[in-house]
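Residue strings, one per chain:
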Amino acid sequence: MSDKTYAQWQAYCQALVSQQRIEGRAFINGGYRQAQSGRSFDCINPANGEVIAQIAECDEADVEMAVSAARQSFESGVWRNQSPKVRKETLIKLAALMEANQTELAALETLDMGKPISESFHVDVPGSADVIRWHGEAIDKIYDEVAPTQDDVLATITREPIGVVAAITPWNFPLWLACWKIGPALAAGNSVVLKPSEKSSLTAIFLARLASEAGIPDGVFNVVPGFGHTVGKALGLHMQVDCLAFTGSTRTARTLLEYAGQSNMKRVWLEAGGKNPNIIFADCPDLDKAARSAASGCFYNQGEVCVAGTRLLVERSIHDEFVQKVVEASRYFKPGDPLDPATNMGALVDKQHQGNVLQYIQWGQQGGATLALGGEAALDADKGAFVEPTIFTGVNNQMRIAREEIFGPVMAVIPFDDEQQAIQIANDTDYGLGAALWTGNLSRAHKLAKQLRAGSVWINNYNDGDMTVPFGGFKQSGNGRDKSLHALDKYTELKTTWIQL
Ligand code: ADP
């Protein structure tokens, strides 16, 4: 499958939209269906304001149908009682189908939420397929345990699927983050109801058909599009949902914990954002590399990344020199038409979010921070949701732009004087998702990595990693971990069987 030119992507997407080939219905119990209410809402391309599809506006009735299908499929054992080998082969087939449909999935992702097509095509879709394949390949290589008991007892500790998993996902990496949840959940033998963000439902809806083609039985994987306060709430409160797996805002994360308390104490796994420090010490071995990494660590995916390095902490002795380098490196990110393969910064997810980000920029200026780069809406500001890469200097850690997750292309540069102050500022946040530090001093790196209160710490890189390492947060960034075998902890129960011999 080859890549396309700008004109070819435009023509391809134009055809998808004009021929009304974009599927927007829910997928329940093995088939596409409209919302039972008959209602739908517009799916809008944030790069130009065009309506590209209609999305089924599901509600409690549709959730009821999907959860009941998931529950029945779980109880019947049609998937969970398949051997791990069969589940493995099915998921590997799904990954292959995703790759075979790379062009359409990439086009849908970009049209839906504005990210550059080169990233959707080369990063998001292959990355998502890799997640599914990785969890598929792993599942028939995991052994259970025998406890070291006395001789007249055999005690086994086994993992069992938890039941019906509801995955509630955000709009910044719609396909990828859905796969982080459904990969291990399905591999472990659960039945799943996926609720994609109302701002980016298309790839999840498409994925459901591929899962069915791959051989996932009816009812085992359902997709229910709609709004958080209806579909999300109904899933959160449902007595037949055993587990909620969520990525999104801290506000919604708190609400999901309440839903669980008000209903059946379902397991609630949360990834709820960050305000991540990227610390540059004067003994950093390569300031140019650190500057390029700081820029991409903040502006990649339009800054719509929970683990973006939005607080850049710079040792005062190199502050001015380093800021200059970061500003230069950040000019590389130029808002452009997401369908142009040359574009490296697309549109924000919608006009409303663009307004929120611009509001934060205004607060930054009013609060006394200095704009070193950007600060404005970009391109076709009337119809498209573009914002320039923006850098503030002169920030202190109490300012709003240093404390709240903006989820857009806004960096706050904060100077520090010594190690202790750097760690104090870095940890002075409600969040704890990621943190990075740059130093040529190995013992300083080890010592400080331990002191940083974050689920991932990067030394002399920003946000590198792969499927072999877990991802998730300390503090109000959430609980539980996606990726790696640790992800299975979320989707399995441990059972002890004590056998008197
Ligand atoms: P963002 O502000 O970044 O869109 P949200 O937390 O609002 O983040 O959205 C993440 C996901 O949570 C979306 O799928 C959204 O529909 C869902 N959601 C929002 N509000 C609720 C809610 N009250 N109950 C359940 N899910 C919700």
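For the structure given in this document, a descriptive report is provided here. (Residues numbered from 1 in each chain as written. Predicted model: local features only at pLDDT ≥ 70, side-chain atom pairs only at ≥ 80, totals over all residues. Heavy atoms only, no water.)

Attention now moves to the site of the ligand. Taken together, 18 residues surround the ligand, and among them Thr169, Lys195, Glu198, Ser249 and Thr252 come closest. Residue Trp171 places a side-chain N or O atom 2.9 Å away from an oxygen atom belonging to the ligand. One of the side-chain N or O atoms of Ser249 is found 2.7 Å from an oxygen atom in the ligand. Taken by itself the ligand offers 540 Å² of open surface, and the protein chains cover 84% of this. (Near = heavy atom within 4 Å. Polar contact = N/O pair within 3.5 Å; in protein donor to acceptor, adjacent residues only side chain to side chain. Areas by Shrake-Rupley, 256 points an atom, 1.4 Å probe, with all protein chains shown as cover.)

Under the defined criterion, the tally for this structure stands at 12 aromatic pairs. Measuring from ring centre to ring centre gives 5.8 Å for Trp9 and Phe121, while their planes differ by 70°; the resulting arrangement is edge-to-face. One end of the pair, Trp9, is in helix H1 (residues 6-18); the other, Phe121, is in helix H5 (residues 117-139), and 112 residues separate them in sequence. Here Trp9 and Phe121 have matching classes, each one buried. For the pair Trp171 and Phe407, a centre-to-centre distance of 5.3 Å together with 85° between the ring planes defines the contact as edge-to-face. Of the two residues, Trp171 is situated in the loop between strand S7 (164-168) and helix H6 (174-187) and Phe407 in the loop between helix H13 (400-403) and strand S18 (410-416); the sequence distance between them amounts to 236 residues. (Phe/Tyr/Trp six-rings, centres within 6.5 Å; stacked < 30°, edge-to-face > 60°. Helix = DSSP H or I, 4+ residues; strand = E, 2+ residues; numbered from the N terminus. Buried < 20%, exposed > 50% of the residue type's maximum accessible area, 1.4 Å probe, protein only.)

Neither face of strand S12 (residues 277-280) is open: one carries Pro277 and Ile279, the other Asn278 and Ile280, and all of them are buried. As for the winding sense of the linkage, the β-α-β connection from S12 through helix H10 (residues 287-299) to strand S13 (residues 311-315) is right-handed. In the sheet, S12 pairs with strand S19 (residues 434-438) via three bridges, with the strands oriented parallel. Each residue of the ladder has a partner; that of Ile280, found in S19, is Trp438. (Right-handed = clockwise from strand over helix to strand, strands pointing away. Pairing = 2+ DSSP bridges.)

The next thing to look at is helix H3 (residues 84-100). Helix length check: H3, at 17 residues, gives a terminal C-alpha distance of 24 Å against a target of 24 Å (1.5 Å per residue), a fit within 8%. Taken residue by residue, H3 has Arg87, Lys88, Thr90, Leu91, Leu94, Ala95, Leu97 and Met98 as its buried positions. Check the buried side of H3 and you find it contacts helix H4 (102-113), H5, H6 and helix H7 (202-214). (Expected span 1.5 Å × (residues − 1). Contact = heavy atoms within 4.5 Å.)

With that settled, the discussion passes to the nonpolar core. For soluble globular proteins, the rule of thumb is that nonpolar side chains tend to be buried together. Counting 102 residues, the largest nonpolar core has Ile22, Leu94, Met98, Phe221, Ile280, Leu312 and Phe322 as the members making the most contacts within it. Per-element accounting of this core gives the leading share, 10 residues, to H6. Apart from the residues within four sequence positions on either side, Ile22 is in contact with Leu16, Val17, Ile52, Ala53, Leu108, Leu111 and Leu202. With 30 residues, the next largest nonpolar core counts Val395, Ile414, Leu448 and Ala454 among its residues. (Core = buried A, V, L, I, M, F, W, Y, C linked by side-chain atoms within 4.5 Å.)

What follows deals with the sheet that holds strand S20 (residues 456-459). The mixed open sheet is built from seven strands, whose spatial order is S14-S17-S18-S13-S12-S19-S20. Edge positions in the sheet fall to strand S14 (370-373) and S20, since each has one partner strand and no second. Recorded for the sheet is a direction-independent mean angle of 25° between the axes of neighbouring strands. One ladder, built from four bridges, connects S19 with S20; its direction is parallel. Across the sheet, residue Gly434 finds its bridge partner in S20, namely Ser456. (Axes fitted to C-alpha atoms, helices over the stretch in contact; angles between N-to-C directions.)

For the rest of this paragraph, the subject is the sheet that holds strand S21 (residues 492-500). Pairing within the open sheet is antiparallel, and its three strands lie in the order S5-S6-S21. Either end of the sheet is taken by a strand with one partner, and the two such strands are strand S5 (145-146) and S21. The sheet contact formed by strand S6 (residues 153-161) and S21 spans nine bridges and is antiparallel. Bridge pairing in S21 links Arg159 to Leu494.

The next thing to look at is H7. Along its 13 residues, H7 runs 19 Å from first to last C-alpha, staying within 8% of the 18 Å computed at 1.5 Å per residue. The buried fraction of H7 is high, at 10 of 13 residues.

It is worth spelling out the environment of Glu405 at this point. Considering the arrangement of structural elements, one finds Glu405 in the loop between H13 and S18. Residues Glu405 and Ser197, spaced 208 residues apart in sequence, show a C-alpha to C-alpha distance of 18 Å. The residues contacting Glu405, other than those within four sequence positions of it, are Gly273, Gly274, Lys275, Cys306, Tyr360 and Tyr431. Side-chain polar atoms of Glu405 contact the backbone nitrogen of Gly274, separated by 3.1 Å.

Our next topic: the pattern of salt bridges. Opposite charge on two side chains allows them to pair when their charged atoms are near. Summed over all chains, the structure comprises 26 salt bridges. Linking Arg133 and Glu99 is a salt bridge whose minimum nitrogen-to-oxygen distance equals 2.9 Å. Here Arg133, found in helix H5, pairs with Glu99, found in helix H3; they are 34 residues apart in sequence, far enough to count as distant. By relative accessible area, Glu99 is classed as partly exposed at 30%. (Salt bridge = Lys/Arg side-chain N within 4 Å of Asp/Glu carboxyl O.)

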